[in-house]
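The lines below spell out each chain.
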Amino acid sequence: MKQIALYGKGGIGKSTTSANLSAALGESGRSVLQVGCDPKHDSTRMLMHGEPLPTVLELVRERGADGVALEDVVRTGYAGVRCVEAGGPEPGIGCAGRGIIATFQLLEQRGALEADVIVYDVLGDVVCGGFAMPMREGYAEEVYLVTSGELMSLYAANNIAKAIARLAERPRCRCRLAGVILNAKGMEREEELVRAFAEAIGSRLVASIPRDRTVQMAELHRRTVIEYAPDSAQAAVYRRLAEDLLRNTDLSIPRPLDQDALESLAFAHAPSF
Amino acid sequence: MPSSPSPLLTPRRSDGCTLAGALSVAAAVSDGLTIVHGPAGCAHHHVSLLLTTLLDRPGARLPVLLTDDLGEEEVIFGGEKALARALDQAVDRNPGSIAVLSTCVAEAIGDDCEAVADGVDGVPVVVVPAGGFLGGGFLAGERAALQAYGALAARLPAPDRGEEPVIALVGEKNLEFEADTHAVELGRLLGRLDREVGLRFVRDAPTESLGLLPGADLLVLREPALAPVAERLPVRPGTPRVDGFPVGLSATLDFVRAAGAALGLDAGAACEAEAAHQEAVLARFAGLAGSRVRLPAEPGWVRELADALDLVVDPTGAPVPLPDPAPVGTAGLARLLARWRRAL
């Protein structure tokens, strides 16, 4: 079983990448589980054709943990991908991080975390211990940082690298950095910058996903690119990513950059004006 | 947030939880109801401490306490609804006021207790942040609660105060075994000036009486460390203050003198009367003269007392106890001397 987690800045395209990755893996005959770990619970929306999933925490709140069965929270979407959404509190109240912990405990107790590949799609930054829990407790064995070439996105990716490096010091922690995925914004010298960032933190750029209108069109039709435009060049990029991730055994403990080094790196690869 | 060294665990109450400190004040409002906004176990632990202390006071009123019993659901989704439900139940009991004491859990998840309390009509509500992890311990909770009740006092209608000036005791240590004894002694000393304690802020005080605070004529603080709290109480500018209950022979006379001056009275006769009383007390213990005593510490008031009794302070002398808290007023010294006599 391969357990993959995609972390990155909010809005960078983790859910789109996760859903297309899961769809590509599902299409290839693997059993796949995608777990959305974001209170806004839209990770699996494209896999479910826009059908909103009841979230784990919503049902726990309504019925209590004992009243929630696996079939209540796990739904099957495109290409047989099983989908779960953790859910969480409304913005500005409660503790979403604790919600992630409670969700994983329930999924574990119900035996849900079984598949050839599990894809965890985790909220933007490592904002507290709760969101680091998939890494800390050994669920997310291979972490991919999804980033663009924007400084704030790299900053978030670097922060997650810090969390991985810290957690990796613990003897029982199996979490490692598996690579960096560029979800391009179309900036000049963007791939060059993200590749340099990946190497600077002791990892590598495993995929470069170009900015393509097909992604927006697929989302408008509530489909993954794999399903909406299966013969498109963008779909081929996601399929190649899926195969690369399956084969990837190049795991590392990252060496996060300090603020000055990160900014210098960005400056050195800045577009010319 | 500078890191601090691990505190040595001691049984000093002042090192205890912020919640316990806040509870010691809130539970002393005689018609009040206290809600501990947190897990039931956390509430129970601190309530147990309070009730155990109250068992030492025969006939003590048991405070009315509720908890909204926060669990994992509230931690994830926020505890404000649970607090609102508890406030509804509290209002149904028709208390004079309600205190909401937050806990570590509520503070960590950022519940806005003030906003929830603002939704209560008909019963005044005070909110005291009491998350122990925020630091400061028992004393911080005690002071935060005094501050919160001070703010409440400013919102209450002023009760009929009669002709007499209002003298307020501020910040009595409600978990002290001798808290009432100290208050009685303060009352006796003020009686030398034909004055009396008008408000105990906050001990066995009904909510309505707290409205006397803004118009108080003299504040008597339990200890000097309460000065920052007193400076923020809603009293008239220039309201006189005595910073601390008196400890020691001369300090007791100074107290009478200072209270008289603050109230615009000639305290000469009162001081003479109290000095004569002190002489009479010392005379009761004249048999101790010449005894060699070993003291665990030697603050100025102890040396003064030893000198007045012609005791010999000697590291090889007989050990005698010094109580914590220190004895208040002449009556406190008399009780201390009785203990010393037994020890010698």
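**Regarding the overall build of chain B**
So, step 1. The number of helices and strands found in chain B is 13 helices and 11 strands.
So, step 2. Here chain B has a C-alpha radius of gyration of 22 Å; the compact-globule value for 344 residues is 20 Å, and the two agree.
So, step 3. In chain B, the share of contacts with a sequence separation of at least 24, taken over all contacts with a separation of at least 6, comes to 71%.

**What to know about the overall build of chain A**
So, step 1. Assigned secondary structure in chain A consists of 11 helices and eight strands.
So, step 2. Dimensions of chain A, computed from the C-alpha atoms along their principal axes, are close to 60 × 45 × 35 Å.
So, step 3. For chain A, the residues scored as buried account for 51% of the 273 residues in total.
So, step 4. Considering only intrachain contacts with a sequence separation of at least 6, the fraction spanning at least 24 residues in chain A is 77%.

**Things to note about the sheet that holds strand S2 (residues 64-67) of chain B**
Across a sheet, paired strands are connected by hydrogen bonds in the backbone, their directions being either parallel or antiparallel.
All names here are of chain B.
So, step 1. With parallel pairing, four strands are arranged side by side in an open sheet as S2-S1-S3-S4. The open sheet is flanked by S2 and strand S4 (125-128), the only strands paired with a single partner. Recorded for the sheet is a direction-independent mean angle of 20 degrees between the axes of neighbouring strands.
So, step 2. Direction of pairing for strand S3 (residues 97-102) relative to S4: parallel, over a ladder of four bridges. Within S4, the position partnered with Val 100 by the bridge is Val 127.
So, step 3. Where helix H7 (residues 137-155) meets the sheet, it contacts S3 and S4, and its direction lies at approximately 155 degrees from that of S4.

**Description of the pairing of strand S6 (residues 142-147) of chain A**
Residue and element names in this part refer to chain A.
So, step 1. Of all the six residues making up S6, six are buried; the element is thus mostly covered by neighbouring parts of the structure.
So, step 2. Neither face of S6 is left uncovered, since the one carrying Glu 142, Tyr 144 and Val 146 and the one carrying Val 143, Leu 145 and Thr 147 both have all their residues buried.
So, step 3. As defined by bridge partners, strand S1 (residues 2-8) adjoins S6 across five bridges and the pair is classed as parallel. Across the sheet, Ala 5 pairs through a bridge with Val 143, a residue of S6.
So, step 4. Judged from the six bridges that link them, S6 and strand S7 (residues 176-183) form a sheet pairing that is parallel. For Val 146, the partnering residue across the bridge sits in S7 and is Ile 181.
So, step 5. With helix H6 (residues 151-168) bridging S6 and its parallel neighbour S7, the resulting β-α-β unit is right-handed.

**Structural notes on the environment of B:Asp118**
Residue and element names in this part refer to chain B.
So, step 1. With respect to the helices and strands, Asp 118 occurs in helix H6 (residues 113-118).
So, step 2. With 11 C-beta atoms packed within 10 Å, Asp 118 lands in the exposed category.
So, step 3. The spacing of Asp 118 and Val 64 is 54 residues in sequence and 21 Å in space, taken between C-alpha atoms.

**Quick notes on the packing of helix H11 (residues 268-284) of chain B against helix H13 (residues 329-343) of chain B**
Residues and elements named next belong to chain B.
So, step 1. Two elements in contact, H11 and H13, have axes whose closest approach is 10 Å; the angle formed by their N-to-C orientations is 5 degrees. Overall, the two elements H11 and H13 adopt an arrangement that is roughly parallel. Here H11 contributes Glu 274, His 277, Gln 278 and Val 281 to the contact with H13, which in turn contributes Thr 330, Leu 333 and Ala 334.
So, step 2. Of the residues in the contact of H11 with H13, the class split is three nonpolar, three polar and one charged.

**Examining the interface of chain B and chain A**
So, step 1. In this complex, chain B contributes eight residues to the contact, which on the side of chain A involves 10 residues.
So, step 2. Residue contributions to the side of chain B that touches chain A peak at five residues, all from helix H3 (residues 72-77) of chain B.

**Some thoughts on the pairing of strand S8 (residues 205-209) of chain A**
Residues and elements named next belong to chain A.
So, step 1. When S7 meets S8, the two strands line up parallel, connected through four bridges. Following the sheet pairing, Asn 183 is matched in S8 by Ile 209.
So, step 2. Traced from S7 through helix H7 (residues 190-200) to S8, the parallel crossover comes out right-handed.

**What about the sheet that holds strand S6 (residues 197-201) of chain B?**
Residue and element names in this part refer to chain B.
So, step 1. With parallel pairing, the four strands of this open sheet are ordered in space as S6-S5-S7-S8. Edge positions in the sheet fall to S6 and strand S8 (241-243), since each of these pairs with one other strand and no more. For this sheet, the mean angle separating the axes of adjacent strands, direction not counted, is 20 degrees.
So, step 2. Together, strand S5 (167-170), S6 and strand S7 (218-221) form the strand contacts of helix H8 (residues 179-191), whose direction differs from that of S6 by roughly 150 degrees.
So, step 3. Running at roughly 160 degrees to S8, helix H10 (residues 249-262) makes contact with S7 and S8 of the sheet.

**Digging into the domain arrangement of chain B**
Residues and elements named next belong to chain B.
So, step 1. Domain boundaries assigned for chain B yield domain 1 (14-155), domain 2 (167-269) and domain 3 (274-343).
So, step 2. Distance between the C-alpha centres of domain 1 and domain 2: 26 Å.
So, step 3. Contact with domain 1, which involves 21 residues of that partner, is made by 19 residues of domain 2.
So, step 4. Those elements that place two or more of their residues in the side of domain 1 that touches domain 2 are helix H1 (18-26) and H7.
So, step 5. With nine residues, H7 is the single largest residue contributor to the side of domain 1 that touches domain 2.

**Some details on the environment of A:Leu151**
So, step 1. Looking at the secondary structure, you find A:Leu151 in helix H6.
So, step 2. For the pair A:Leu151 and A:Glu263, spaced 112 residues apart in sequence, the C-alpha to C-alpha distance is 7.6 Å.

**Things to note about H7(B)**
In an α-helix, one full turn covers 3.6 residues, which means residues spaced three or four apart are oriented alike.
Residue and element names in this part refer to chain B.
So, step 1. Helix length check: H7 (19 residues) gives 28 Å between terminal C-alpha atoms against 27 Å at 1.5 Å per residue, within 8%.
So, step 2. Along H7, the residues that are buried comprise Phe 138, Gly 141, Glu 142, Arg 143, Ala 144, Ala 145, Leu 146, Ala 148, Tyr 149, Gly 150, Leu 152 and Ala 153.
So, step 3. Residues of H7 that are buried make contact with H1, S3, S4 and helix H9 (227-231).

**Topic: unusual backbone geometry**
So, step 1. Cis geometry is adopted by the peptide bond preceding B:Val202, which originates at B:Phe201 and carries an omega value of 10 degrees.
So, step 2. Its place among the elements puts B:Val202 in the loop between S6 and S7.
So, step 3. Of note, the bond from B:Asp324 into B:Pro325 is cis; its omega dihedral lies within 30 degrees of zero at 10 degrees.
So, step 4. Mapped onto the fold, B:Pro325 is located in the loop between strand S11 (318-319) and H13.
So, step 5. Here the phi dihedral of A:His41 falls at roughly 40 degrees; this positive angle occurs in a residue that is not glycine.

**Brief notes about the nonpolar core**
So, step 1. Core analysis: the largest hydrophobic core is formed by 171 residues, its most contacted members being A:Val143, B:Val128 and B:Ala168.
So, step 2. If you count residues domain by domain, this core takes at least three from each of domain 1 (14-155) and domain 2 (167-269) of chain B.
So, step 3. Contacts of B:Val128, omitting those with residues within four sequence positions, involve B:Ala22, B:Ala26, B:Ala99, B:Leu101, B:Ala144, B:Ala145 and B:Ala148.

About the thresholds
- Residues numbered from 1 in each chain as written.
- Chains lettered and ligands numbered in written order.
- Predicted model: local features only at pLDDT ≥ 70, side-chain atom pairs only at ≥ 80, totals over all residues.
- Helix = DSSP H or I, 4+ residues; strand = E, 2+ residues; numbered from the N terminus.
- Rg over C-alpha atoms; globule rule 2.2 N^0.38 Å.
- Contact = placed C-beta atoms within 7 Å.
- Buried ≥ 20, exposed ≤ 12 C-beta atoms within 10 Å, placed from the backbone.
- Pairing = 2+ DSSP bridges.
- Axes fitted to C-alpha atoms, helices over the stretch in contact; angles between N-to-C directions.
- Right-handed = clockwise from strand over helix to strand, strands pointing away.
- Parallel < 35°, antiparallel > 145°, perpendicular 65-115°, else oblique.
- Nonpolar A, V, L, I, M, F, W, Y, C, P; charged D, E, K, R; others polar.
- Domains from an automatic or database assignment.
- Expected span 1.5 Å × (residues − 1).
- Core = buried A, V, L, I, M, F, W, Y, C linked by C-beta atoms within 7 Å.

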